[in-house]
Each structure stands twice: as C-alpha cells, then as structure tokens.
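So the chains spell out like this:
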Amino acid sequence: METYKDHIIQSPDINAERLETLRKMFPDWFTQEGKLDLNEVKKAVNPDSVDETERYEFRWFGKSKAKRNAFMPTRATLHYDEERSVNADTTKNVVIEGDNLEVLKILTSSYRNKIKVIYIDPPYNADALTAYNDNYSESRTQYWEDANITEDGVLIDSMSVPEGRKHSVWMSGIYSRLLKARDLLSEDGIILISINDKEVAHLKKICEEVFMPENFIAQFVWITDGNFDNQAKIKSCHEYVLLYAKDANKFDFPDLVDPNVGDGSKLNNQFIRNTIVKNGPKNPIQTLTLRAGFPAEVENMVFKAQSNHWPHHDVDIVVENFKVKNDVEITSGWAARAQLDQFMSEDNNWEPVKDTKNQNTRFVLTNAGGIDCIKDRGIKSHVISVLQNLGGTQTATSELESLGIYGFRYPKPTQLLEYILKLNNNKDSIILDFYAGTGTTGHAVTNLNLRDGGSREFILVQFPVALSPENKEAINRGFKKISDITIARNKAVAEKVKADFNGRILTTEDQQQLNQLGFKVFTLAKSSFPRTDFAPDPEKSEEENLELFRKYVAEKEQQLSMGFDDQELITEILISRGFMLTYKLELQPSFTDNTVYLATDSTKEAYICVDNSLSDSTVDYFMQNTDTKFICIERALNSTQKFNLKNRMQDKFFAF
C-alpha cells in the first residue's frame, strides 16, 4: 500500500550514503544491526582510548585483541627462495612459507582488491589444538622466536590451551585472518571455507560480521566418501563449505552444472531456463506496462510478449501500422538477477520499455506462430547445495600417494576443489589459499587450467609446522614440516604434466600451459631495514642516552649493509611499493657505474638500485629521464643528489 511518505521528493541522503560506504569498507566498525559503533572507530585511532569491557553482541574472550592484531602493521617481509622454486622464469604461481596472518598483511600492498577466489581449509579445532601466537608488537624482543618457533626453521611448538578456551582461541585466530582476507578480495570476489560441525555455527557468525549477512551465498553440504566412525552413535558423513561474496550483487551467476545431473536430464542441456516456480521468487514482483503507440518492427500482426521477468507470461500484443495498439501489463519476476542480466545482454531482439518505476527494462516479441525470436538463450547453470560424488579423504590420500607423498591424513580431494573453484567463471584470476596444507588448491588450479585452457594463478600460504608423529611415513621420506608437503606435491604435479607433454607436438596453447606450471617460493623473514625499537634508559643521563642512540643507529646501519644481500632488499622494497610477487628483474647493462634493474609486473614498472652509493652518471640519467620511475636506498645519496632527484622526478622517485 502506497503512503504519503512514498511520494516525498527530497535531496539524496548523503549521510546515509557515507555510512554505507564506511560499512562496505570497514564492516568490523558496525554492529550486526548495521549501526556504527563509535568505540570501534575510536579503537582504530587509539586502542587505549576505549574501555575494553565486553558487551552484548557476538563476543568472546580475546576478540578485541584479535581485531587489533589484524590491523596492526607488520614489519616482516618475504625472501625469495630460488632453490625451492620451480619454473620461476615463466610461472605466476606463488608458494609462501610462514605465518599466514603476517603474510596476508604483506600481500595487502600488492594484492588488495585483486584476489578473485579465496579457498581455505582451516584447522577444525580438533583435540590437538595449535594456538599460534598473534602478538607481533615491535617491542617484543622475542618476536621472531615466538612467531616462527624455530628449530632448523620448523615450527615445533604450540601453546597450551585450557579446554574451556579452545573455542575462543580458535575464533580469534580465524577472525583476524578473515578480516585481512576481505581486503584482498576483488569487488566481485568470493571466499569458500571448509568446516565441520564443531565450529560451523561460530564460523558463520564470524563470516557474517566480516563479510555482512547480505553477502552470504550458500552453505554447501559436502558428502564425504570412505569409511565412517563405526563407534559413533550417528555416523557423520558430511562437512560444510561456506560461500560468501564480498558483494553479493556482483557475484556472477556460475556457469556450472552439478556433476550428478545425468546426461539425459534437461538440466544438462546447453541452455537452461526455469519454467515452473518451485519455492517462489524471493525478489519483489515487478509489473511492466507497455503503452499503446510504442513502435514495433512489423506493420500488422499479433505478437506474444514474453517478459524479461521470470516466470514468462505470454500476452497478446496487437501491432497496426507499426504501432502497438493495445496496452499490455505483465507481472512476474526473475529468480536470479545475474541470470536476467546475461539473458538480456546476449540477445539483440530486446526492445526497451519503461517499467512502473520508470526504469529502463526490456521485453521480447515472438510471433503468433510460436517461433521464438530469442532462440532459447538461457544460461547453463545448475548448482546444488549438496555436494556429492566429489571424492573424499581416501581418494585424496590416493592422489597424494600417486605423487610419492605418503602418510598425510585428511587432505581434500582435487575433484571437490575443482568443482567449487569453478563457481568463479573467470578463467584468468588469482586464487588464494592461506591454509594450504598439502597444496590441494594448487593441484586443482593446475587441473582446471589444463582442462579448459584457463590461466588461473594460485598463491598458497602454509605455516612451517612440524609434521606430527602420526605422519611417520612422510617423516621417513625426508619431510620435516607441512610446507615441505605443499611444495613437494605441486612440484610433482608440474613434473607429471611436463612428462605427459613429452613427445607431443606443442601448440601455442600447450606451451602456455607449460609456462604456467610451477611456482616461486617465498619465506617470511625479518625486515632488511632497521627497526625503530630503541628505548632510552631512565637511569642514564640525556647525554648518555644520546650516545646509546647513536651507537644503536650505527649498529642498525651496519646490519643493513652487512647482513642482507641485494636480492632480499629488492624483494622487500618492491613488495612494499605494491609490486606483485611475480615481478621480473632485468639487469640494465647501460648503467656502467651502478647495478640497476628494471622491475616489472603485470601493471607496474620501475628502475631499482640498492648499491651503497650512486654515481653522478646514474643520477644524471634519471634527472634527464623524468618519465621513468626510480627506487634506491636513501643512504646511497648525498643531500644534493636527493634534493635534485626529488625536485625533478617528484612522486616518480622513491628512496628507502
């Protein structure tokens, strides 16, 4: 029923628009009811300014700390590991060994809003809970020892957690990581999370807070294969996969058919169109009105109007002298906005009209003889929320063993991953898994590319966690940590694919697939640059503290010049400047007095030099070529050189 309020004419509510923009950018600042929480805003500015007393909402012990940890800047970096990399010259895939929270922070500089799909299979909070230390404040002297728990580079320790706090610790860990992951998703990106009954309720609440309830797409039930626990009173044979979009309105309707649909089913036709209402459309019903006098392409005929709103209602349209003679009103609605948009955009026979809200819409004419002008242009898509016959842990274990990897429990099958990753229609996209485990996601991406000619890229992140004693077979074969399995599996996959291509006459497409194989390996590491964690001694005089500070600076400068090689410095600098990890370096031989590289990725390029000093000839080149970008070490310049470069090159010059 219309009211007076419906017809009030007023200017746009700019404040409401600003709040909605804030909510999309910083959903953690808002309550589940969509109200701005001023305390959360204050804590973002100064955490000490707000009393941390927990209050009603979805709260648990440690939540506020987990949020602070998520948005605390990192001083870590990544070091390129050439020895463990595979086909590094041409591949765009990446494997990163290190704490995934710190890695997500590092990736934000280069991959913010660029990841199309995130899939994670986090720990299910089972009996043996590993509670990773997320306290990375710079003031802690044992930062790296606590973060990496090193014994030959292997994470071997875990925090002892009382039974009553297991849920809280698990939720804090996943919460902080999802907050950072959201920043990496593209506006039309999606995240898929595997989970079981133990934490699915908590995970769904966390996801609704991070991604907002309206961006929930589905909670898939995965029917697992294999033996079930015969001792259980109820045999558990399923897990879940939660699907959220960063923006549900931009989630493309998946071009996918459930694998269990038989070949003879109408659902397996090239194009599918709903013809009956099963549960009824949930979107508002719209009424279209076609007024008499609207032009048509024929002189005299009776047509059937088929609305662009599902379900289709046929209505007679009488055309005389190239004009529509009768008023036509059609009431119906589509079940999926994306399906409607594609249906309309792919057909040239639509005619524009106005709907009852005076918005542009369209309809199509079919002649009285029943010949459909639009030729059945539906969309091939039939995704069912129950995932079955997609493999299980037993088939996944067999996959690993076929690659020479034994003794690893509960991996995910590639068949499952291949199916859910295809919920994203884009074959040229970046797929991130920051709980990589055995590396199933990388294996699945490779399989998909080979099958459909895609050029998907993967980024896998895995803790250097020591293998447990139950992984005896893997340990006996020389594997020390889970990240070793991640790398070994995807190396074996690349080698197997190359072997399959041996002896074949390669097409251009074949060579492209071979170039995509492999990955670059990076490890989480300390920053190459001095950390500003000096603290004066209150028991010493000002002069004594000043001398201590000078000594501290000298030690850090020596550390910079002596403790790190050029490639480590270059990697850290390029990452901080937003270069993707797939950057390429090309030595520039025209510079005879300094070692200068041209760094490029898919969108950026810059010259970079990390020599301890820059010659006048090198400086003069960039003074004359101000259309280029140049990066160097600040201490390599004297004050005059620095002033001149900054004055001439402006924001195209950057000194670390």
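Conventions adopted
Residues numbered from 1 in each chain as written. Predicted model: local features only at pLDDT ≥ 70, side-chain atom pairs only at ≥ 80, totals over all residues. Heavy atoms only, no water. Helix = DSSP H or I, 4+ residues; strand = E, 2+ residues; numbered from the N terminus. Buried < 20%, exposed > 50% of the residue type's maximum accessible area, 1.4 Å probe, protein only. Polar contact = N/O pair within 3.5 Å; in protein donor to acceptor, adjacent residues only side chain to side chain. Contact = heavy atoms within 4.5 Å. Arc of directions from axis to C-beta. Pairing = 2+ DSSP bridges.

Trainee: I'm lost on the side chain of Thr91 in this one. Help?
Mentor: Position of Thr91 among the secondary structure elements: in the loop between strand S1 (76-86) and strand S2 (94-97). For Thr91, a relative accessible area of 0% corresponds to the buried category. Only 3.5 Å separates the side chain of Thr91 from the backbone oxygen of Leu517, close enough to count as a polar contact. Thr91 has contacts with Val86, Asn515, Gln516, Leu517, Gly518, Phe519, Lys520, Thr582 and Lys584, leaving out every residue within four places of it along the chain.

Trainee: Help me understand unusual backbone geometry in this model?
Mentor: Backbone phi values are negative for most residues with the exception of glycine, while trans is the configuration of most peptide bonds. Phi at Asn389 is positive, roughly 60 degrees, even though this residue is not glycine. Overall, the relative accessible area of 48% leaves Asn389 in the partly exposed class. A positive phi angle, close to 55 degrees, is found at Gln650, a residue other than glycine. Mapping Gln650 onto the fold places it in the loop between helix H18 (639-649) and strand S22 (653-655). Residue Gln650 is classed as partly exposed on the basis of its relative accessible area of 45%.

Trainee: Before we go on, may I ask you to explain helix H14 (residues 508-516) in this structure?
Mentor: Residues lying three or four places apart along an α-helix face the same way, a consequence of the helix completing one turn every 3.6 residues. All of the buried residues in H14 are Asp510, Gln513, Leu514 and Gln516. Burial along H14 is one-sided: seen end-on, the buried residues are contained in an arc of 160 degrees. Buried residues along H14 sit in contact with helix H11 (440-452) and helix H13 (482-501). At the exit of H14 stands Gly518, carrying a positive phi of roughly 95 degrees.

Trainee: Help me understand the pairing of strand S6 (residues 238-245), please; the structure alone is not making it clear to me.
Mentor: Regular strands place side chains that alternate from one sheet face to the opposite one. Here S6 lies mainly inside the structure; 7 of its 8 residues are buried. Pairing geometry for strand S4 (residues 185-195) and S6, over 6 bridges, is antiparallel. Looking at the pairing, Ile193 lines up with Leu242 of S6. Both strand S5 (residues 216-223) and S6 contribute to a ladder of 7 bridges, which runs antiparallel. From the neighbouring strand, Val221 faces S6, where its bridge partner is Tyr240.

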